[in-house]
Amino acid sequence: EHGMSQTYKFYTERADAAAAAAEAATLDNVRERELRAEETWRRLAEQTQRVAEDRAKADAERAERRAAEALAAEERKAAQEAEAADESLQEA
């Protein structure tokens, strides 16, 4: 997570620097190059953000699934124990 936020920050800083360079450029070709660079850096930042969000969502879904599986296992165990207790009562 920390590495992802650092990467997002880096991409955003590079995009901001490219935007500033484009604004300061006196030559059209330099301005256009910097604007293309800004666009690319911003796309990378957005992609990094989406990946982080998708990863967090997948982690949460996995945690929910594990919790549901653990609960189901506990319920099965309790049912088996109740069944075993019933059988021993019937035998007595």
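Quick caveat: nothing in here was measured; it's all calculated off a predicted structure.

Caption draft 1: Spotlight on the side chain of T48. Checked against the element boundaries, T48 lands in helix 2 (residues 28–91). The class of T48 is buried, set by a relative accessible area of 9%. One polar contact links the side chain of T48 to the main-chain carbonyl oxygen of L44, over a distance of 2.8 Å. In this structure T48 touches M4, T7, Y8 and Y11, once residues within four positions along its chain are discounted.

Caption draft 2: Molecular detail of the packing of aromatic side chains. In the structure shown here, the tally under the stated rule is three aromatic pairs. Ring centres of F10 and Y11 lie 6.0 Å apart, and the angle between their planes is 55°; this geometry places the pair in the tilted category. Assessed through its relative accessible area of 41%, F10 is described here as partly exposed. Here Y11 falls in the buried class, since its relative accessible area comes to 18%.

Conventions and cut-offs
- Residues numbered from 1 in each chain as written.
- Predicted model: local features only at pLDDT ≥ 70, side-chain atom pairs only at ≥ 80, totals over all residues.
- Heavy atoms only, no water.
- Helix = DSSP H or I, 4+ residues; strand = E, 2+ residues; numbered from the N terminus.
- Buried < 20%, exposed > 50% of the residue type's maximum accessible area, 1.4 Å probe, protein only.
- Polar contact = N/O pair within 3.5 Å; in protein donor to acceptor, adjacent residues only side chain to side chain.
- Contact = heavy atoms within 4.5 Å.
- Phe/Tyr/Trp six-rings, centres within 6.5 Å; stacked < 30°, edge-to-face > 60°.

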